[in-house]
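Letter by letter, the chains look like this.
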Amino acid sequence: MGTLYTRRFEADRIGSQVPLKLMHLEGLYELFVTKFAFSNMDLSMHLFQVNLKMKLTYRTLPYDEDSDVQEPEGGITEAGGSPKSKHHNRKPWDDDCPWSEWYSAEDPVKGFELLTAWSEKAIESSLEMAELENASPLEAEKWSISPCLSEILSADSDGKRIGFASQLQLLIDALLMSLETQFVEDFVSVEHSRPENLKSTAVIPPPTVLDRVLKDLFYEVEAAQPDSAEGDHKYSRTIKGAPLESLFGQFCLHALWVGDCNIRAIAAFWIEFVREVRWCWEESQPLPRMPANGVIDLSTCLINQKLHMLAICMDRKHQFNQKGPKADENGVFLSARIKADTEVQSVISSQDGDAQASCWECDSLSTPDQDPASHFSSFEHSGAVKLGDPEHSPCIRRGSAGVIGSMMLLKSYQNMHAPFTQDSPLMTEDMHEERLQAIEALGDSSRFSAQLEKDILSSDMSAFKAANPDAVFEDFIRWHSPRDWENDDNMEKGVSQINAVVESTYDWPPRGKLSERMSEHGNLWRKIWNEAPPLSASEQKPLLDPNQEGEKVLHYLETLRPYQLLEQMVSTAFRATADTLNKTSFGGLKQMTTRIEQLYLTMSTTLRCLQTNSISVDAEDIKDLKRLCTTFAHVENLITLAASLHRKFMQAPRLSESIFNDYDNFHVPKLGTVSIGRDVKKVFNNEQEVRQGEREVIASMFTPPTANQLWRKVLSMGNLLNGHEPASREIIFTKRDHLCENYYVGHAPRGYQQEFETYRMYICGTSNDLGVALAVTSCD
C-alpha cells in the first residue's frame, strides 16, 4: 500500500497458577487495554472501543472411574469360560445391544466437543465483558460439534479389540489345524500324539465351563423361540451355514468364546455336545432350538440338516412311544392328502358301518405340523344321498378321510374318498446325492423324476385303492393329478383343469380321457398302479423309519472328520455373527445398511470354498478367509459406532447420520483391504454445524456434573453450559485507528481515511494453561 509501518509481536504463556483476574473476560479486556492506555489511567472511568471475537469449546465429561460404582475386579469369573453371563454392577452402554450377550464393546464415542462462536462485536467497557461472561452459550451465533472417538476404531485389528472378528480369526486358525488329524478325539486324547505345530498354550476348558455352556445350549432355552428366519438379512441364506437361533448356530457362537477358540477346546466342546444330543435321543427328550416338523432346508449346512432330521425323528419316536395322535401302531405318520384344487366335504357314510368307524379311529391322523382336528373341521356331515353306495358294500373301505365333494368313481358309480397317506420322506443333502447316484447307476435317466418318487407314488396309490376298492387308474389320476385328465363334457369346458371335476349325477359317466403323457404305452404310473396292493397308510411299510434315520444322524455326528466340522463351523460362525450384528438398531443410516449388505455378499463369495464337503481348503483360501476377518472387523467397528451415535442422537438423527457418513468416508477403505489404520494417518476431527432446533438436544448431553466430579474445580471461568465451564477459550481483541494521508510517503488523495488494525491480542487456553500473543502495529 506504500505505507511505512512496523509490526511487533509478543507472546507469553502461563502454564500454572494463572491469576484469577485473567480467568475472566473482564480481566482479559483490561489486560488488552493496558497495552495502549496510559499506565496511570483509571481504566474503569474511560471508554475504549474494542472489537471482540470469541470461541468457546466445551467437552462432555469423560467417564470418571472413581466417581460412581466401582467395577468388580476380574471380568472373567472362570478361565476359559463364555463371557455370556454378566456379573457387573454397572450397566454397560451396550447392555441391550445384540452382541452384549457375548462380549462388551468399548464405547467408540468417548465424548463430544462443542464449539460455540460469537461473531465480532464492539465492546466499550469492562462491564460489558462481565455481562458477556454471564451470557448463556445458547446465545452464540454458531454451534458446531465434533466427536471424540476411541483409538480402537483406527487401530489395526490384530488383537487390539476383542469382538466377533478377533474370535473368527482364531476359528480360522483352528480350521487350518483341523487338517492335521483324521478324528476329533485325537485333539483331546492323551493316547494319541497331537500335531507338532499345536501350541502348548492350547488348553481344554475345565469341565465346569463345558457343563455351563451345555446347560445354556440345551436347558436354558426360552419356551417360545422366535422364528429363526424372522429379521434375518435378505442375503443371509446365501451363506451355507445354520440359522442364528438354531442349535448348531448357537453352538458355533459359544465355540468362539469357549477357551481361546483353539482346536483342542473346540474338539472337547464338540464331543460333549454330541454326547448331549445322544442323551436327548435315548431319553426321548425334544432336541432344543430345532423344529420337530417342517421341511429340511437344504440351503443350510449339513450338520444343521442332520440335527433337523434328528429332531423330527425324535418327535415321531416320542409320539410312537406315547401312542400319540400322529402315529399309528407301526409308527407311520399320516396326513389327509386333500388336494388344494379339489372341493372336499366329509360325508361319513352310515352305510360303511363299523368298518368305516374303525378305519376313522385308526387312520384319522394329521401331519406333525398341523392340529389333527383341523382335518376334521374341513369335513361337514351331510345327509345327502350317496348314489352308488350300496347299503352293504362287499368291499371293505380302509383309510378313508372322507368323501371328495361330488366326485364319483368311473366304474362303480360310488363316491370317491380321499385317503390318508404317509408323509413324504424327509432327506438331507447327502441322502439326495446318494439317491441321485443310485438312480444314475440304473442308466434310465429319461424317467429319472418318476423313479425318484416311485416309493411315494406307490404308497399314495395303495392308500387310494384301500379307500376306494372299486377305483381304476383313471380315478387316481383325477384325484392325484387333475392336469392329466382331459374333460370333454360341455358343462365343464369353462372350468380349469386345475380345479376339481364337478360331476353331474344326471350325466354318467363323465366324458373325458387321460392326457397323452398318461395314456402312452408303457407309462410308469400305470405300471406302479398295477403293482400297488390296496393297503391303507397304516398298513404300509413306513417311508421314513425314525429309529433307523435317527441312528444314522448320530453316527454322522460321532464320526465327523475334524476338517468337515470346522468348515461348517466357520461358515455358520460368520453367518451367525453377521446376523447378530445385523439386529443392531442404528436408525436410518443408509450408508451402514450398504456396508452390511456388502459384507454379506463378500462372505457369500469367500465362504464358497468351504461348501464342497471335501478337503479343498488351501493356503490361498486361508488368506482369503483372513482378509474376510479384516473386512468383518471394519463393519463390526462401524456397527458399534452407528449404534453409539444412534443412542446419543435419538432426537437429532441428522447429526448422527452426518457424523457417521463423514467418518465412513474419511476412515474406512474399501471392503477387503488389509487394515484400516495403516493407510490413514490423519485424525478424524470433522465438525458438524448444529442447527438452532438441535441445540437443546446437544445441551442435554452436558449433564450437570456431580460434586465428586467438581471437587477439583475451585475456580470457574464463566460461560457455563449446564454447569460445565469451557474446556478452552479462544478470544481475539482488536483495536482499530483511522489512517490519513500523513501516514503515506507518497501523495494520497485528500480526505483519504482507512481503518488500520493497530493492536491485536489472541488469547487461548484454560484456567490452568493460558497463552497470550500480542501484535502491535505502528507507523514510522
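Residues numbered from 1 in each chain as written. Predicted model: local features only at pLDDT ≥ 70, side-chain atom pairs only at ≥ 80, totals over all residues. Heavy atoms only, no water.

## A look at the overall build of the chain
When you go through the chain residue by residue, the secondary structure sums to 22 helices and 13 strands. Within the span of the chain, comprising 780 residues, buried residues form 49% of the whole. Residue pairs in contact within the chain that sit at least 24 positions apart in sequence constitute 75% of those at least 6 positions apart. For the chain, the exposed surface amounts to about 38,900 Å²; the carbon and sulfur share of it is 50%. (Helix = DSSP H or I, 4+ residues; strand = E, 2+ residues; numbered from the N terminus. Buried < 20%, exposed > 50% of the residue type's maximum accessible area, 1.4 Å probe, protein only. Contact = heavy atoms within 4.5 Å. Areas by Shrake-Rupley, 256 points an atom, 1.4 Å probe, with all protein chains shown as cover.)

## Digging into the packing of aromatic side chains
Taken as a whole and judged by the stated rule, the model has 23 aromatic pairs. Judged by centre distance (5.5 Å) and plane angle (75 degrees), the ring pair of F32 and F36 falls under edge-to-face. When sorted by exposure, F32 lands in the same class as F36, which is buried. One aromatic cluster in this structure is built from F218, F248, F251, F269, W270 and F273. (Phe/Tyr/Trp six-rings, centres within 6.5 Å; stacked < 30°, edge-to-face > 60°.)

## Looking at the pattern of salt bridges
According to the stated counting rule, one finds 32 salt bridges in the structure shown. E30 is the salt-bridge partner of K21, the closest N and O atoms lying 3.1 Å from each other. Overlapping salt bridges bring together R278, E282, E551 and E558 as one network. (Salt bridge = Lys/Arg side-chain N within 4 Å of Asp/Glu carboxyl O.)

## Observations regarding unusual backbone geometry
Although it is not a glycine, C261 sits at a positive phi angle of roughly 60 degrees. Structurally, the position occupied by C261 is in the loop between α5 (247–255) and α6 (263–282). In the Ramachandran plot, R289 falls in the positive-phi region, its phi being about 65 degrees despite a non-glycine side chain. Counting through the fold element by element, R289 comes out in the loop between α6 and α7 (302–322). Here R289 falls in the buried class, since its relative accessible area comes to 14%.

## A short note on the side chain of T116
Structurally, the position occupied by T116 is in strand β3 (residues 109–123). Not counting residues within four places of it along the chain, the set of residues in contact with T116 comprises M54, K55, L56, Y58, P137, A140, K142 and W143.

## Quick notes on the environment of V18
For V18, the location among the structural elements is in the loop between β1 (5–14) and α1 (25–33). Relative accessible area serves as the criterion here: at 7%, V18 is assigned to the buried category. With 749 residues separating them along the chain, V18 and S767 place their C-alpha atoms 6.4 Å apart. In contact with V18, not counting residues within four places along its chain, are M23, S767, N768, D769 and L770.

## Regarding helix α3 (residues 164–178)
Under the 1.5 Å per step criterion, the end-to-end length of α3 is 21 Å for 15 residues, consistent within 8% with the ideal 21 Å. The element α3 is extensively covered by neighbouring structure, given that 11 of its 15 residues are classed as buried. Along α3, the residues that are buried comprise F164, A165, S166, Q167, L168, L171, I172, A174, L175, M177 and S178. For α3, the elements touching its buried residues are α5, α6, α17 (562–582) and α19 (619–648). (Expected span 1.5 Å × (residues − 1).)

## Considerations on the confidence of the model for the chain
Of the residues in the chain, 71% reach a pLDDT of 70 or more, and the chain-wide mean stands at 77. When mean pLDDT is taken per element in the chain, α5 scores highest with 96 and helix α9 (residues 372–377) scores lowest with 33. Below a pLDDT of 50 lies the segment residues 490–506, which in the model reaches 30 contacts outside its immediate sequence neighbourhood of four places, other chains included. (pLDDT = per-residue confidence, 0-100.)

## A short note on the side chain of E636
Along the chain, E636 turns up in helix α19. Using a relative accessible area of 3% as the deciding quantity, one classes E636 as buried. Those residues in contact with E636, other than ones at most four positions away along the chain, are Y103, R161, G163, F164, A165 and L581.

## Concerning the packing of helix α12 (residues 454–467) against helix α13 (residues 473–480)
Interaxial distance between α12 and α13 falls to 11 Å at its minimum, and their mutual angle equals 115 degrees. On the basis of the axis angle, α12 is roughly perpendicular to α13. Judged by the sense of rotation from one axis to the other, the crossing of α12 with α13 is right-handed. In this structure, α12 uses L457, D460, M461 and F464 to contact α13, whose residues at the interface are F473, D475, F476, W479 and H480. Its residues placed into classes, the contact of α12 with α13 shows 6 nonpolar, 1 polar and 2 charged. (Axes fitted to C-alpha atoms, helices over the stretch in contact; angles between N-to-C directions. Parallel < 35°, antiparallel > 145°, perpendicular 65-115°, else oblique. Left-handed = near helix turned anticlockwise from the far one by under 90°. Nonpolar A, V, L, I, M, F, W, Y, C, P; charged D, E, K, R; others polar.)

## Here's the deal with the nonpolar core
Core analysis: the largest hydrophobic core is formed by 150 residues, its most contacted members being F248, W270, F273, L287 and F733. Examining the composition of this core, we find that 13 residues originate from one element, α19, more than from any other. Formed by 22 residues, the second largest nonpolar core is a distinct cluster that contains I404, M416, M518 and W529. (Core = buried A, V, L, I, M, F, W, Y, C linked by side-chain atoms within 4.5 Å.)

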